[in-house]
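The residues making up each chain are set out below.
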Amino acid sequence: MAKSLEIEVNGKRYAVSYAPDTPLLYVLHDELGLTGTKYGCGEGQCGACTVLIGGAPRRSCQISVSAAATKPVTTVEGLEKDGKLHPVQQAFLEAGAFQCAFCTSGMVMSSVGLLQANANPKREDLVQFLQGNICRCGTHPRIIKAVQRAAKMMQERAR
Amino acid sequence: MNTIKQNFVAEPERFEFTAAPIHKFDLARREFFKLLGSGIAIFVVAKDAFAMQETPAGSRSFHNEELPKEISSWLHVGEDGVVTGFTGKAEVGQNIRTSISQTIADELRVPFESVRVVMADTTLTPFDAGTFGSRSTPTMTPQFRRVAEAARDLLIGVAAKEWNVPPEGLVAGDAKVTDPAAKRSLSYAELARGKALAQNLPAEDPVTPATEWKVAGTPLPKVDGRAFVTGGHQYSSDIHLEGMLYGKVLRPPSFGATLSSYDDSAAKAMNGVTVLRDGDFVGVTAPSVHEAQKARDAIRTQWKEVPQVSSKEIFSYLKKNAEPSSNERFRHQKGSVEDGLASAAHRLETTHNVAYIAHAPLEPRAAVAQWTDGQLVVWTGTQRPFANRDELASLFHIPENRVRVIVPDTGAAYGGKHTSDAALEAARLAKAAGKPVKVVWTREEEFTWAYFRPAGLIEVKSGISKEGKLTAWEFHNYHSGMSGIETPYDVANQHTEYHQVPLVLRSGSYRGLAATANHFARESHMDALAHVAQMDPFEFRMKNLSDARVRAVLEAAAKSFGWPRKKTQTGQGFGLACGFEKGGYVATCAEVAVNRASGDVHVVRVVEAFECGAIVNPDGLRNQVIGAVIQGLGGALFEAVEFENGRIRNPHFSAYRVPRFRDVPEVEAVLLDRKDIPSAGAGETPIMAIAPAVGNALFDATDIRLNNLPMVPNGLRAAGTKLSS
């Protein structure tokens, strides 16, 4: 197959050999080996495949790789900087905000996206924003707590 | 042979279980040390396994090359000081990896960080029947405590020999053996160096009482937490092998349909595609999921379908098709229900329907299979790795020791991953393609071809005296199962029975099994009885309850909840429910808010008290308890599998509603730590009282009694209309 498409993920450019109509999720997960982005439903209903495209949280199962290639993509693997976790990751870890953790990447990416748009969200904003992310283990209260903690950490860092 | 098979009788509703043969572990000792490096190894053998061996226990300390056949757990202390525990249990989000690590660290007196646990690998770990029935904590933690204690003694023995002193004066702690008299010490790593010492011993009760635990009993964070927040952890669906292909299976349009015409020429013409047809099994492999899907969809087929029962008629079907009960195990009788009803001041009859629900673990079934020189290795998310191994061996007619099943920590299961579906499909396709193959089920496949929590019909008949004491109790469960079927209340005249019905949909275990259905029916009925007796539901229960542990959780939940509460707004309601199962005791109080205009129901606050003996990790337990409450809200309020003509009508998250952030109440877990009672499991029982607690709160808010699960799939207004018609 001809490598006709290029995509920028986590600051690195990749040549893509998968067909241009392939959902971004499969290119990230299967072709590029960035397996932190998860398949959970394939219909944009569970949020496990959430990545940032041009800084905005998007369901990577719902967008073709060719459409996604126009903007830089960030996956959960791209959040760590110099061995230091992103505040949202750190907060999830400290709050123990996961059980089976299969939803965690998507929860983290959605939360990062939310906090970029709204640095000081109210509880109701979090509930509203994360409504599209499913956690089947019922860890929701800790996830809310973790995102609130992350918001505080980010505000303190920005000061 | 293993302790589970000895002590554990599977509940009849575990329909997915097939009779498994007794398997033997056949890794030789030499191989064991080759795999792990030199050191010290301890093996625990089931108590009764010892008695069954031909040679007396004392003489079996590894004079032969073979490990004993009936080993239930083992532990290795390496030259690098790393302590490795081995268990056939799987980590599926219940956090047992952390509790086992804590237990080993505690008893061996080593830092928590130096312990690792190898789990659910049929080549490396001892046989295990499966991770189900809340058995991991009660079976594995005492065994690892015993094995760690023996390792400690062995290390002391090695040090005593080294120093030529009696072992009695030596002390083990901080990962070293110390001789306080001579002020010298040797680390476990130093003691293990160059050794290939092994010892096996019978499993006995744990020696260190919970009151003296130091690492166990503390809220340590989940092992490998960092790998989960960075996306680094590799689930089965993330495993990638060199040259690996992706497999897709062609599914019939309806259950039981058979192929009548078939044309795969278009699929076969596609680049890199292999098509396998084997009877009614049709699968394809391709270099990517997307291409595999396209190839699968290009196969033209016609199917012969068969008529099926639909969800609309399922409950009358269950009643009509019940099999005459011949099994005494399904029936429990005491006194005379007839007499009890005759003497009652009030009588009540209720009927409860419980819908099929799906586990819907966020990671669907997945497997990667690789054949090398006739040896098969499969990575798959399953709760029963050894059953998977045996099914694979039998499918391909190869010995079990040529199949290895490895279970990476899995994206949840909830009782839904006991079968070998994805493993069999991946292995079959890998064999046909001559390359490693990955199969990941789609959400639709998971909602359609996995198994469900069975539907059920429950009939309850009771009588109470003028003073509000139960005089008669009759309880019939059709199809859903007999877990939690026995009433915890004191009643002289009772008849409890489980009626089997042939399967309609593929069904099996689900977190708590039928305990949720049976508690919903019983606790809703008890609430209605309290209302008839004009008593407070808490007081009514306490009056009929002498079990001290159920009373304790009920009192604890009521106290934290502030029972009895006064209503401060319209549409507000409070309810409670309690019970026990699998060594866990639970009481749940719920507050609901009903919007009378829209019929919308919101669960505002839940307090759940839970007691399961000595707590191994309070933080992990809290996560499980709160998680069970939230998951249980789905089945309580809106989850139901709809089916017609052999098709699932709602096989997507867009059509099958699971609890989301907006559905989540404030949840408080009150954990009672009974250090005087051995630890029981906690993965299941915390789920079973939330549905009746919410139902009883809805009655308190509206005077509408909702007797079926789910209670309000379309809001309360629809449910209310249905009730009055």
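Residues numbered from 1 in each chain as written. Chains lettered and ligands numbered in written order. Predicted model: local features only at pLDDT ≥ 70, side-chain atom pairs only at ≥ 80, totals over all residues.

K.L.:
Account for the overall build of chain A, with residues named and values stated.
P.N.:
Along its length, chain A carries 6 helices and 5 strands. N-terminal to C-terminal, the α/β element order of chain A is β-β-α-β-β-α-β-α-α-α-α. Its C-alpha radius of gyration of 15 Å places chain A within 12% of the 15 Å reference for a compact globule of 159 residues. By the burial criterion, 58% of the 159 residues in chain A qualify as buried. Sequence-distant contacts in chain A: of pairs separated by 6 or more residues, those separated by 24 or more amount to 61%. (Helix = DSSP H or I, 4+ residues; strand = E, 2+ residues; numbered from the N terminus. Rg over C-alpha atoms; globule rule 2.2 N^0.38 Å. Buried ≥ 20, exposed ≤ 12 C-beta atoms within 10 Å, placed from the backbone. Contact = placed C-beta atoms within 7 Å.)

K.L.:
Explain the overall build of chain B to me, and be specific about the residues and the numbers.
P.N.:
Of regular secondary structure, chain B possesses 20 helices and 28 strands. Compactness check: chain B gives a C-alpha radius of gyration of 28 Å against a globular reference of 27 Å for 725 residues, within 12% of the reference. In terms of overall dimensions, chain B has a C-alpha envelope of 80 × 75 × 50 Å along the principal axes. Buried positions account for 55% of the 725 residues belonging to chain B. Sequence separation of at least 24 residues holds for 79% of the intrachain contacts in chain B that already meet a minimum separation of 6.

K.L.:
So, the sheet that holds strand 28 (residues 666–672) of chain B: which residues are in play, and what are the values?
P.N.:
Residue and element names in this part refer to chain B. The strand order across the open sheet built from 4 strands is 23-24-25-28, with neighbouring strands paired in mixed fashion. In this open sheet, the two strands that pair with only one neighbour each are strand 23 (572–581) and strand 28. Pairs of neighbouring strands in the sheet enclose a mean axial angle of 15°, with direction left out of account. Sheet topology places strand 24 (residues 584–594) next to strand 25 (residues 601–611); 10 bridges connect them, and they run antiparallel. Counted as the bridge partner of tyrosine 585 is glutamate 611 from strand 25. (Pairing = 2+ DSSP bridges. Axes fitted to C-alpha atoms, helices over the stretch in contact; angles between N-to-C directions.)

K.L.:
Let's hear about the domain arrangement of chain B: which residues, and what values?
P.N.:
All names here are of chain B. The domain architecture assigned to chain B consists of domain 1 (3–223), domain 2 (236–305 + 365–440) and domain 3 (314–356 + 452–724). Contacts between domain 1 and domain 3 engage 26 residues on the former and 34 residues on the latter. Where the side of domain 1 that touches domain 3 is concerned, the elements lending two or more residues are helix 4 (96–108) and helix 5 (136–163). For the side of domain 1 that touches domain 3, the class distribution of residues is 8 nonpolar, 13 polar and 5 charged. (Domains from an automatic or database assignment. Nonpolar A, V, L, I, M, F, W, Y, C, P; charged D, E, K, R; others polar.)

K.L.:
Describe the interface of chain A and chain B, with residues and values.
P.N.:
Of the residues lining the interface, 43 residues belong to chain A; the matching set on chain B comes to 48 residues. Among the elements of the structure, helix 1 (24–31), helix 3 (87–95), helix 4 (104–117) and helix 6 (140–158) of chain A are those that each provide at least two residues to the side of chain A that touches chain B. Class assignment of the residues belonging to the side of chain A that touches chain B gives a composition of 22 nonpolar, 16 polar and 5 charged.

K.L.:
Outline the sheet that holds strand 21 (residues 470–478) of chain B, listing residues and values.
P.N.:
Residue and element names in this part refer to chain B. Read across the sheet, 5 strands follow the order 14-22-21-20-15 without closing on themselves; strand pairing throughout is mixed. Edge positions in the open sheet fall to strand 14 (331–334) and strand 15 (346–354), since each of these has one partner strand only. Put simply, the sheet's adjacent strands are angled 10° from each other on average, direction ignored. Relative to strand 15, helix 15 (residues 515–532) is tilted by about 150°, and along the sheet it contacts strand 15, strand 20 (456–464) and strand 21.

K.L.:
Help me get a handle on the domain arrangement of chain A, residues and values and all.
P.N.:
All names here are of chain A. Partitioning chain A into structural domains gives domain 1 (5–78) and domain 2 (87–158). Here domain 1 and domain 2 have C-alpha centroids that lie 21 Å from each other. Taken residue by residue, the interface counts 15 residues in domain 1 and 13 residues in domain 2. The dominant element in the side of domain 1 that touches domain 2, judged by the number of residues it contributes, is strand 3 (residues 50–53), at 3 residues. Considered class by class, the residues forming the side of domain 1 that touches domain 2 number 8 nonpolar, 6 polar and 1 charged.

K.L.:
Break down helix 4 of chain B for me, citing the residues and quoting the values.
P.N.:
All names here are of chain B. Here helix 4 is 13 residues long and its end C-alpha atoms lie 18 Å apart, about the 18 Å a rise of 1.5 Å per residue gives. In terms of burial, helix 4 is largely enclosed, as 13 of its 13 residues are buried. Looking one or two residues beyond helix 4, the residue adopting positive phi is arginine 109, at roughly 65°. (Expected span 1.5 Å × (residues − 1).)

K.L.:
Which residues make up the environment of alanine 345 of chain B, and what values do they have?
P.N.:
All names here are of chain B. Looking at the element boundaries, alanine 345 is found in the loop between helix 11 (337–342) and strand 15. Distance in space between the C-alpha atoms of alanine 345 and glutamate 497 is 25 Å, their sequence separation being 152 residues. With near-sequence residues (within four places) excluded, alanine 345 lies in contact with Ile464, Ser465 and Lys466.

K.L.:
I'd love a proper account of the nonpolar core, names of residues and values included.
P.N.:
Residues and elements named next belong to chain B. With 252 residues, the main nonpolar core has Ala151, Leu155, Val378, Ala426, Val553 and Ala557 as its most contacted residues. For this core, the element with the most residues is helix 5, which contributes 11 residues. When sequence neighbours within four positions are dropped, the list of residues in contact with valine 553 reads Cys578, Tyr585, Val586, Ala587, Ala609, Phe610, Glu611 and Leu672. (Core = buried A, V, L, I, M, F, W, Y, C linked by C-beta atoms within 7 Å.)

K.L.:
Before we move on, can you summarise unusual backbone geometry with the specific residues and values?
P.N.:
Residue and element names in this part refer to chain B. Residue tryptophan 563 is joined to proline 564 through a cis peptide bond whose omega torsion reads -5°. For proline 564, the location among the structural elements is in the loop between helix 17 (548–561) and strand 23. For asparagine 95, which is not glycine, the phi dihedral falls at a positive 75°. Topologically, asparagine 95 is positioned in the loop between strand 3 (83–87) and helix 4. Backbone geometry places alanine 120, a non-glycine residue, at a positive phi of 45°.

K.L.:
For the packing of helix 3 of chain A against helix 6 of chain A, give the residues involved together with the corresponding values.
P.N.:
Residue and element names in this part refer to chain A. For the pair helix 3 and helix 6, the least separation of the axes is 8 Å and the interaxial angle reads 135°. Classified by the interaxial angle, the pair formed by helix 3 and helix 6 is oblique. Viewed along their axes, helix 3 and helix 6 form a crossing whose handedness is right-handed. Contact with helix 3, carried on its side by Pro87, Val88, Gln90, Ala91, Phe92, Glu94 and Ala95, involves Arg142, Lys145, Ala146, Val147, Arg149, Ala150, Met153 and Met154 of helix 6 and no other residues of that element. (Parallel < 35°, antiparallel > 145°, perpendicular 65-115°, else oblique. Left-handed = near helix turned anticlockwise from the far one by under 90°.)

K.L.:
I'd like a description of helix 6 of chain A, backed by residues and values.
P.N.:
In a regular helix each residue adds 1.5 Å, so 19 residues correspond to 27 Å; helix 6 of chain A covers 27 Å between its end C-alpha atoms and thus fits that length. All of the buried residues along helix 6 of chain A are His140, Pro141, Arg142, Ile143, Ala146, Val147, Ala150 and Ala151 of chain A.

K.L.:
Which residues make up the packing of helix 18 (residues 618–637) of chain B against helix 19 (residues 690–702) of chain B, and what values do they have?
P.N.:
All names here are of chain B. Put simply, helix 18 and helix 19 touch, their axes get as near as 8 Å, and they point 60° apart. The angle between helix 18 and helix 19 places the two elements in the oblique class. Where helix 18 crosses over helix 19, the handedness of that crossing is right-handed. Taken together, the residues of helix 19 that come into contact with helix 18 (itself represented by Val629, Gly632, Leu633, Gly635 and Ala636) are Ile690, Ala691 and Val694. Class assignment for the residues of the contact of helix 18 with helix 19 results in 6 nonpolar, 2 polar and no charged.

K.L.:
I'd like a description of the pairing of strand 12 (residues 281–286) of chain B, backed by residues and values.
P.N.:
Residues and elements named next belong to chain B. Burial analysis of strand 12 places 5 of its 6 residues in the buried class, which makes it a mostly covered element. In the sheet, strand 9 (residues 245–250) pairs with strand 12 via 5 bridges, with the strands oriented antiparallel. By the bridge assignment, valine 249 is partnered in strand 12 with glycine 283. Bridge count between strand 11 (residues 274–278) and strand 12: 5 bridges; the pairing is antiparallel. What sits directly across from aspartate 278, in strand 12, is phenylalanine 281. Between strand 11 and the antiparallel strand that follows it, strand 12, lie 2 residues; glycine 279 among them carries a positive phi value of about 65°.

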